[in-house]
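Here are the chains, one letter per residue:
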Amino acid sequence: MAPDIAHTAHAVEAAAVMRLFPARPRLLALGEPTHGEDTPLHVRNELFRQLVEQEGYRTITIESDCLMGLVVDDYVTSGTGTLDEVMEHGFSHGWGTSGANRELVRWMRDHNDGRPASERLRFAGFDGPLEITGAASPRQALTALHGYLADRVDAGLLPCTAEALDGLLGTDGRWTDPAAMMDPARSVGRSAEAGELRLLADDLVALLDEQTPRLIAATSREDWDRARLYGRTATGLLRYHSWMADTSPARMTRLVGVRDQMMADNLLAIAARGPALVHAHNSHLQREESTMRMWQGPVKWWSAGALVSARLGEGYAFVATALGTVRHQGVDTPPPDTVEGLLYALPEDRCVIDAPGLATALGDTRPAPRVSPWFGYSPLDPAHLAGSDGIVFIKDVPLIQRH
């Protein structure tokens with residue numbers, strides 16, 4: 001007999017979500033089990049609107065390039081550029097084609113119009129400038145950091161000139177060669193120039209920290225925060241490129257670990273300025289160790305969520321999203337003995353579940369792991385129920401054409 005779990009399910013509303021936590025979390029992480037479907041993003045958008053209006057949240061951050069995200073933030077806070085330009089240049093991973101993301105950006109801009117700076121909503125990407133096939137050149141981050149410092153500190157304190165930096169960086173194509181992901185010999189990450197750039201980046205970041213009082217007084221905390229983002233990104237990218245050139249068995253484990261460490265550092269910086277809603281794949285936000293099978297075998301690493309949770313404690317909350325069906329991708333009705341199958345039997349089309357409460361209701365009844373016929377959907381791991389604060393369940397995901 002299936003356990004009675006109806007009492008653990010509530011409407012997906014901010015008030016119901018917030019009741020899952022002992023106090024308002026500084027970072028409320030909402031995961032998704034797949035990418036490219038707009039239905040979970042529409043649910044995210046509505047939850048963010050309610051968190052803004054009812055709970056004082058002011059920032060949303062998503063799994064997108066942190067430097068490109070500055071384009072979106074400038075638009076929603078001050079109207080810089082046009083909506084079309086922002087959707088084209090402000091998102092990585094193809095997120096700019098999402099109608100739900102476009103709706104989010106438009107709503108944030110409308111909300112901010114005419115409001116004082118202290119009440120404006122903020123947008124941030126928290127991923128590095130990385131794609132699965134490779135990584136960006138560190139040029140943008142390094143030159144922006146150097147330029148910020150060169151304009152405000154004595155030239156004798158800088159470890160190099162802009163011209164020397166440009167010479168060491170060379171052409172961007174050296175850094176972005178997609179063949180380097182499969183062939184470490186194609187990476188420039190451990191060249192003499194890359195080694196020197198890592199030392200210079202370290203010196204520039206140290207100088208930024210040393211001159212903090214002067215820099216904030218001369219510009220603003222906002223400009224200083226952005227310079228710190230450039231510094232984190234430059235050092236993270238150079239570390240990533242170094243591991244791209246590695247030939248040891250640790251290579252892929254270190255690459256995925258470096259990426260999530262970059263994510264975690266960005267999330268901690270975002271948390272420092274106030275409560276934020278975080279949206280990304282469940283695997284980047286869960287508290288348990290993440291696993292993935294790649295061409296060379298299984299890889300394990302600690303996700304950004306696990307790293308941030310270890311630092312923030314109750315200041316970090318994680319709500320996973322699970323889906324019943326994605327029929328256009330071959331994901332049909334879940335077996336009744338899986339977590340998704342138990343939730344699919346509930347009458348609600350969408351609900352939020354108290355995950356620890358669900359684990360208690362199940363008792364010794366351990367649901368079977370669901371197996372997805374489509375690689376793009378990652379089912380809930382029943383062993384992770386106790387590590388989640390909640391589950392947002394969406395019964396059916398229809399096909400939504402992107403334009």
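As the structure is a prediction and not an experimental result, all values here were calculated from the model.

Thoughts on empty space enclosed by the protein
Under the defined criterion, the tally for this structure stands at two cavities of 30 Å³ or more. In this model, the largest cavity occupies a volume close to 100 Å³. E32, L41, R44, W95 and H279 are, among the 13 residues lining the largest cavity, the residues nearest its centre. Secondary structure elements with two or more residues in the lining of the largest cavity: α2 (38-55), β3 (59-65) and β7 (276-281). Classifying every residue of the lining of the largest cavity gives four nonpolar, four polar and five charged. Of the volumes computed, that of the second largest cavity is approximately 30 Å³. Lining of the second largest cavity is provided by R174, W175, T176, D177, A180, R186, S187, V188, H241 and M244. Secondary-structure elements contributing two or more residues to the lining of the second largest cavity are α8 (173-176) and α11 (221-244). Counting residues per element, the lining of the second largest cavity draws most heavily on α8, which supplies three residues. Of the residues assigned to the lining of the second largest cavity, the class counts are four nonpolar, three polar and three charged.

A short note on helix α12 (residues 251-271)
For α12, built from 21 residues, the straight-helix expectation of 30 Å at 1.5 Å per residue is met to within 8% by its first-to-last C-alpha distance of 30 Å. Among the 21 residues that make up α12, 15 are buried, leaving the element largely enclosed by the rest of the structure.

A few points about the packing of α12 against helix α14 (residues 304-312)
Look at α12 against α14: their axes get within 8 Å of each other, and the N-to-C directions meet at 45°. Relative to α14, the element α12 is oriented oblique. Our pair here, α12 against α14, has a crossing hand that is right-handed. Only A304, L307, V308, R311 and L312 of α14 make contact with α12, whose side of the interface consists of D260, Q261, M263, A264, L267, L268 and A271. Here the contact of α12 with α14 is composed, by residue class, of nine nonpolar, one polar and two charged.

Considering unusual backbone geometry
Positive phi is not limited to glycine here, since H93 has a value of about 60°. By the element assignment, H93 lies in the loop between α4 (83-89) and α5 (99-112).

Things to note about the pairing of strand β11 (residues 350-354)
The side chains of a regular strand alternate, residue by residue, between the two faces of the sheet. As defined by bridge partners, strand β1 (residues 9-10) adjoins β11 across two bridges and the pair is classed as antiparallel. Looking at β11, one finds that H10 is bridged to V352. When β11 meets strand β12 (residues 390-396), the two strands line up antiparallel, connected through five bridges. Note on β12: the bridge partner recorded for V352 is V392.

Description of the sheet that holds strand β2 (residues 27-32)
Taken in spatial order, the eight strands of this open sheet run β1-β11-β12-β10-β2-β7-β3-β4, and their pairing is mixed. At either end of the open sheet lies a strand with only one pairing partner, and these are β1 and β4 (122-127). One ladder, built from five bridges, connects β3 with β4; its direction is parallel. In the sheet register, T59 faces β4, and the bridge partner there is R122. Packed onto the sheet, helix α3 (residues 69-78) meets β3 and β4 and runs at close to 175° relative to β4.

A word on the pattern of salt bridges
Considering all chains together, one arrives at 16 salt bridges under this definition. Of the charged contacts in the structure, one is a salt bridge between R259 and E63, with a shortest N-O distance of 3.4 Å. Residue R259 is found in helix α12, and its partner E63 is found in strand β3; the two are separated by 196 residues along the sequence. Across this residue pair, the class does not change: R259 and E63 are buried.

Brief notes about the environment of T59
Among the structural elements, T59 can be located in strand β3. Measuring from C-alpha to C-alpha, the distance between T59 and A361 comes to 34 Å, with 302 residues separating the pair along the chain. Apart from residues lying up to four places away in sequence, T59 is in contact with F48, R122, I270, R273, P275, A276 and L277.

Rules behind the numbers
Residues numbered from 1 in each chain as written. Predicted model: local features only at pLDDT ≥ 70, side-chain atom pairs only at ≥ 80, totals over all residues. Heavy atoms only, no water. 1 Å grid on protein atoms, 1.4 Å probe; cavity = no way out; pocket = protein on both sides within 12 Å on 5 of 7 lines; lining within 4 Å. Points joined across faces, edges and corners; volume = space filled by probe spheres on them. Helix = DSSP H or I, 4+ residues; strand = E, 2+ residues; numbered from the N terminus. Nonpolar A, V, L, I, M, F, W, Y, C, P; charged D, E, K, R; others polar. Expected span 1.5 Å × (residues − 1). Buried < 20%, exposed > 50% of the residue type's maximum accessible area, 1.4 Å probe, protein only. Axes fitted to C-alpha atoms, helices over the stretch in contact; angles between N-to-C directions. Parallel < 35°, antiparallel > 145°, perpendicular 65-115°, else oblique. Left-handed = near helix turned anticlockwise from the far one by under 90°. Contact = heavy atoms within 4.5 Å. Pairing = 2+ DSSP bridges. Salt bridge = Lys/Arg side-chain N within 4 Å of Asp/Glu carboxyl O.

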